[in-house]
Amino acid sequence: EVQLVESGGGLVQPGGSLRLSCAASGFTFSSYAMTWVRQAPGKGLEWVAVINRGGGTTTYADSVKGRFTISRDNAKNTLYLQMNSLKPADTAVYYCKSAQIGRPIYWGQGTQVTVSS
């Protein structure tokens, strides 16, 4: 059974940091590019960042560039998102998602991030 399980969300003050994790199982994690997407209350899905299979290439949405870092540990089958200098506008449910062309798309269940004082 394929599973993507996010963790690490929570409530944080503006300017604070959080590190999200996404534990993968049931598929060959290292064969997939991976991405983080988010959905703010009442809004559509927003792509946040993507990382290639080996972890050497990353790309970010302009809204998070310079504040967020996507990374992965293929030995642990885990994807990460380090989020620094958080803003209220970053409040959303964050999802990890597979993103390898030609391969199935897998989604996690999401983790809530709330940035508020």
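To keep things clear, this report deals only with the structure shown in the data block. (Residues numbered from 1 in each chain as written. Predicted model: local features only at pLDDT ≥ 70, side-chain atom pairs only at ≥ 80, totals over all residues. Heavy atoms only, no water.)

### Points about the sheet that holds strand β2 (residues 10-12)
Sheet strands pair via backbone hydrogen bonds, and the direction of the pair is either parallel or antiparallel. Ordered by their spatial adjacency, six strands build an open sheet running β2-β10-β9-β4-β5-β6, and the pairing between neighbours is mixed. Each having just a single partner strand, β2 and β6 (58-60) make up the two edges of the open sheet. The sheet shows a mean angle of 25° between the axes of neighbouring strands, taken without regard to direction. Both β2 and strand β10 (residues 111-115) contribute to a ladder of three bridges, which runs parallel. Opposite Leu11, over in β10, you have Thr114 as the bridge partner. (Pairing = 2+ DSSP bridges. Helix = DSSP H or I, 4+ residues; strand = E, 2+ residues; numbered from the N terminus. Axes fitted to C-alpha atoms, helices over the stretch in contact; angles between N-to-C directions.)

### Structural notes on the state of the cysteines
Enumeration over the complete set of coordinates arrives at one disulfide. Between Cys22 and Cys96 runs a disulfide, and the two sulfur atoms are separated by 2.0 Å. Of note, the bridge from Cys22 to Cys96 carries an S-S torsion of about 55° and is right-handed in sense. Of this pair, Cys22 sits in strand β3 (residues 18-25) while Cys96 sits in strand β9 (residues 92-98), and the two are 74 residues apart along the sequence. (Disulfide = S-S within 2.5 Å.)

### Observations regarding the side chain of Ser21
On the secondary structure map, Ser21 appears in strand β3. Excluding residues that lie within four positions of it along the chain, Ser21 makes contacts with Val5, Glu6, Ser7, Trp36, Thr78, Leu79 and Tyr80. (Contact = heavy atoms within 4.5 Å.)

### Quick notes on the pairing of β9
Across the seven residues of β9, six count as buried, placing the element largely inside the fold. Sheet topology places strand β4 (residues 34-39) next to β9; six bridges connect them, and they run antiparallel. The residue of β9 that forms the bridge with Met34 is Ser98. The sheet contact formed by β9 and β10 spans three bridges and is antiparallel. Note that in β10 the partner of Ala92 across the bridge is Val113. (Buried < 20%, exposed > 50% of the residue type's maximum accessible area, 1.4 Å probe, protein only.)

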